[in-house]
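# Inside the fold
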Amino acid sequence: MSTRGMYDRDGELFGYIDGVRVYNRQGDLIGEMRGQAIYDLQEERRWLLDRDALLDLRGNVIGYLGARVPQDE
């Protein structure tokens, strides 16, 4: 598995994806990645993914995913 940072449009880290689990910057579980979407803990779709772009539900780019970092690094 690998970890990927989630960055806003200004390059500020605000969360990360570890496998399919999504965490905020403080390390609290906030959701899960399923296919091309991220769902929150209430099973509501929160963000969409388009390759490395992070989109809101209307399709507006709100950030991006960083490079994959393998677990052993």
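In what follows, the accompanying structure is described. (Residues numbered from 1 in each chain as written. Predicted model: local features only at pLDDT ≥ 70, side-chain atom pairs only at ≥ 80, totals over all residues. Heavy atoms only, no water.)

### A closer look at the environment of N24
If you trace the backbone, N24 turns up in strand 3 (residues 21-24). Overall, N24 belongs to the buried group, its relative accessible area being 16%. For N24, the residues in contact, after removing those within four places along its chain, are F14, G15, Y16 and I30. (Helix = DSSP H or I, 4+ residues; strand = E, 2+ residues; numbered from the N terminus. Buried < 20%, exposed > 50% of the residue type's maximum accessible area, 1.4 Å probe, protein only. Contact = heavy atoms within 4.5 Å.)

### Thoughts on the side chain of R4
When you line up the elements, R4 lands in strand 1 (residues 2-8). Given the relative accessible area of 11%, R4 is considered buried. Separated by 2.6 Å, the side chains of R4 and D52 make a polar contact. (Polar contact = N/O pair within 3.5 Å; in protein donor to acceptor, adjacent residues only side chain to side chain.)

### Regarding the pairing of strand 6 (residues 45-50)
Pairing analysis gives three bridges linking strand 5 (residues 37-40) to strand 6, with the strands arranged antiparallel. Bridged to I38 within strand 6 is W47. Hairpin connection of strand 5 to strand 6: four residues between the antiparallel strands, including E43 at a positive phi of 70°. Pairing analysis gives three bridges linking strand 6 to strand 7 (residues 53-55), with the strands arranged antiparallel. Residue pairing in the sheet places L48 in a bridge with L55 of strand 7. Adjacent in sequence and paired antiparallel, strand 6 and strand 7 are bridged by two residues, among which R51 carries a positive phi angle near 55°. (Pairing = 2+ DSSP bridges.)

### Examining the nonpolar core
Within the largest apolar cluster, eight residues are counted, these being M6, I17, V22, I38, W47, L49, L54 and L65. If we ignore the near neighbours within four places in the chain, the residues touching I38 are M6, I17, V22, E32, M33, E44, R45, R46, W47, L49 and L54. (Core = buried A, V, L, I, M, F, W, Y, C linked by side-chain atoms within 4.5 Å.)

### What about the pairing of strand 2 (residues 13-18)?
The sheet contact formed by strand 1 and strand 2 spans five bridges and is antiparallel. Bridged to Y7 within strand 2 is L13. Hairpin connection of strand 1 to strand 2: four residues between the antiparallel strands, including G11 at a positive phi of 85°. Relative to strand 3, strand 2 runs antiparallel, the two being bridged by four bridges. Counted as the bridge partner of G15 is N24 from strand 3.

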